[in-house]
There are 2 protein chains.
Amino acid sequence: MISESPSESPILDLQWIAVDWGTSNLRAWAIGARGEIAGFRMSASGMAKLHSREFERTLLELVNSWLPNKEPVSVVACGMVGAKQGWLDAGYRKVPCEPIKRNSLIRAPTESSRLVVSIVPGLSQDRPADVIRGEETQIAGLLEKNISESSVVSMPGTHSKWVKLREANVQSFRTFMTGELYSLIADHSVVRNAVASSEWREEVFLEAVEECQKGQVALAAELFGLRARSLIADDSPATLRSRLSGLLVGHEIAEVRKSLGQEEIAIIGSDELTKPYRSALEHLGYRTTILDSEQVTVAGLKKVRELAD
Amino acid sequence: MISESPSESPILDLQWIAVDWGTSNLRAWAIGARGEIAGFRMSASGMAKLHSREFERTLLELVNSWLPNKEPVSVVACGMVGAKQGWLDAGYRKVPCEPIKRNSLIRAPTESSRLVVSIVPGLSQDRPADVIRGEETQIAGLLEKNISESSVVSMPGTHSKWVKLREANVQSFRTFMTGELYSLIADHSVVRNAVASSEWREEVFLEAVEECQKGQVALAAELFGLRARSLIADDSPATLRSRLSGLLVGHEIAEVRKSLGQEEIAIIGSDELTKPYRSALEHLGYRTTILDSEQVTVAGLKKVRELAD
């Protein structure tokens, strides 16, 4: 457990706790009386590692020392904690709709009286069938920033999301298995040796992104092509890893562009993830703004809390 | 080691040994004086499990009891045994070219004098970069059957190959990571539970194949869509597994069709692999012929042996 709280004793003006509980990690922020972040803790006890009965104990262990002795503290949580395999199934709200709706939080059962836990529902879309869980809160946070209420939002990751906003509502979205495919291919497929490098070749990346925009790149063939290039063209692992990135990011952007106008594109994510997306999008002539994912998550959870009052 | 030889003593009229040595398995056929198969043995000692020095011992262990006491026996081998990571790098011949060329076999070094081992080189293509190793021998075998010398050949598998023949020459080919992607996604990705079934829904498979023919199916999005369909449309694992197959096979066929005319399509493979390809291709209006891969491999190795004399 990674503990980054400045305080090991109760936080005197603790008002509530904001929680982002994803598949791999659990993050908690103690929010003080003036809305300030009074403490932060993180653990690797993500949803995927827990049975439904273990969530309460796991959260209590993480935030226990923050809590006052008697009064219960309110917790607002978003992310996979609200999935079928999570603490409890918080369901989905159908798009088009606002990212967060007043009074839509789902109360999670607790044995202890020290926490009152509410979970944010996800969003679903019928055609094409798609789901979001956690990103709806980030979208709400993004709308608190100085961003157009009709932007397109790119959220790179294991499952990259693209969200279309219209007048502060989520109009539609699409998820791509980009990050997961990247890991499966780079670490577990026949091309893993061909792409074994941590170096980056920007020009190779952009070239692959461009190739994908010409339409109909046969991804399954281009992926095997990485191995062939390594064998017969003697392309270096750095070149081929950058090409792998470019093919996957380019494939994603090519699909999204079909319905993209001149909107500003807001990219939410870590530095490592947003960089190639920004680079690809600007190369193709789009305007982008980068937002830090932790910042928009906390802003979103604050908005959720506001609408729950 | 799986031993299926009818004989545990030397094969009296043994003329030579045909070997198909792939990434996962090693197959050896004892060929008698009249060209008949006088013995067959198979082991799981594929190329991927061996260091280059272990190939000779591994082969000797498998075929030892077939061998006469004195005279060396000739072995002709195709497949990944001739890769960089194999017994020795047998190189590639560039297409367009005949699948097998007279006197192009590469002699592998042996310590024992009981075996004289020759390996068939693979084929390579510059644009798009691609390689074949083992399938060239199957193509040579196919041409011994009653198949048009200008067919298109579909070879489903971990790395599915499509080969265009013109007047008995390999004109061009393309490899798709279809089988490997299928395993990675069905066994190791976030959709593995959604597709956990061994049942088959032919109509779902064909519908996905058709979808891909309309052009520009965003594979990375459709793959995540399997999970979304399981969550919000309650699609069964049998349905979603059949859809996964249909998306991957359909993606492959959509690319190949761009340069496909009215040629007959010869499909080489096991029953399990050729069935969905035949079904998809016939659904799209193509004529197909199925050939058993072991039969064409042995026929091809015989042709190689003939041209080496």
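Bear in mind that the values here come from a model prediction, so they are computed numbers and not experimental data.

A.B. asks: I keep staring at the pairing of strand β8 (residues 115–119) of chain B and nothing clicks. Help me out?
C.D. replies: One face of the sheet, then the other: side chains in a regular strand alternate in exactly this way. All names here are of chain B. With four of its five residues buried, β8 lies for the most part within the structure. Sheet topology places strand β5 (residues 73–78) next to β8; five bridges connect them, and they run parallel. When the sheet's bridge partners are listed, Ser74 is paired in β8 with Val116. Pairing analysis gives three bridges linking strand β7 (residues 106–108) to β8, with the strands arranged antiparallel. Paired with Ile106 across the two strands is Ile119, which belongs to β8.

A.B. asks: Please explain unusual backbone geometry as it appears in this structure.
C.D. replies: Leaving glycine aside, a negative phi is the common case for residues, and trans is the common case for peptide bonds. Omega for the bond connecting Val95 of chain A with Pro96 of chain A falls within 30 degrees of zero, at -5°, which places this linkage in the cis form. Summarising the element assignment, Pro96 of chain A is placed in the loop between β6 (92–94) and β7 (106–107). A positive phi angle, close to 60°, is found at Asn103 of chain B, a residue other than glycine. Note that Asn103 of chain B resides in the loop between β6 (92–94) and β7. Given a relative accessible area of 62%, Asn103 of chain B falls into the exposed group. Unlike most non-glycine residues, Ala168 of chain B shows phi in positive territory, near 70°.

A.B. asks: For this particular structure, what's the right way to read the packing of helix α2 (residues 135–142) of chain B against helix α8 (residues 293–308) of chain B?
C.D. replies: To describe two helices that pack against each other, one gives the angle between their axes and the distance between the axes. Residue and element names in this part refer to chain B. Viewed as axis vectors pointing N to C, α2 and α8 meet at an angle of 90°, and their least axial separation amounts to 7 Å. With respect to α8, the axis of α2 lies roughly perpendicular. When α2 is examined against α8, the residues Thr137, Gln138, Ala140, Gly141 and Leu142 are found in contact with a partner set consisting of Ser293, Val296, Thr297, Ala299, Gly300, Leu301, Lys303 and Val304. The class makeup of the residues in the contact of α2 with α8 is six nonpolar, six polar and one charged.

A.B. asks: What exactly am I supposed to notice about the layout of surface pockets here?
C.D. replies: Unoccupied space between atoms shows up once a probe the size of one water molecule is rolled over them. Of the pockets and cavities examined, the second largest pocket occupies roughly 1600 Å³. Looking at the second largest pocket, it is lined by 49 residues, and the ones nearest its centre are Gly22, Thr23, Met80, Thr158 and His159 of chain B. Elements that contribute at least two residues to the lining of the second largest pocket include exactly α5 (219–233) of chain A together with β10 (130–132), α2, β14 (265–269) and α8 of chain B. Top element by residues in the lining of the second largest pocket is α5 of chain A. It accounts for four residues. Class assignment of the residues belonging to the lining of the second largest pocket gives a composition of 17 nonpolar, 20 polar and twelve charged.

The rules behind the values
Residues numbered from 1 in each chain as written. Chains lettered and ligands numbered in written order. Predicted model: local features only at pLDDT ≥ 70, side-chain atom pairs only at ≥ 80, totals over all residues. Heavy atoms only, no water. Buried < 20%, exposed > 50% of the residue type's maximum accessible area, 1.4 Å probe, protein only. Helix = DSSP H or I, 4+ residues; strand = E, 2+ residues; numbered from the N terminus. Pairing = 2+ DSSP bridges. Axes fitted to C-alpha atoms, helices over the stretch in contact; angles between N-to-C directions. Parallel < 35°, antiparallel > 145°, perpendicular 65-115°, else oblique. Contact = heavy atoms within 4.5 Å. Nonpolar A, V, L, I, M, F, W, Y, C, P; charged D, E, K, R; others polar. 1 Å grid on protein atoms, 1.4 Å probe; cavity = no way out; pocket = protein on both sides within 12 Å on 5 of 7 lines; lining within 4 Å. Points joined across faces, edges and corners; volume = space filled by probe spheres on them.

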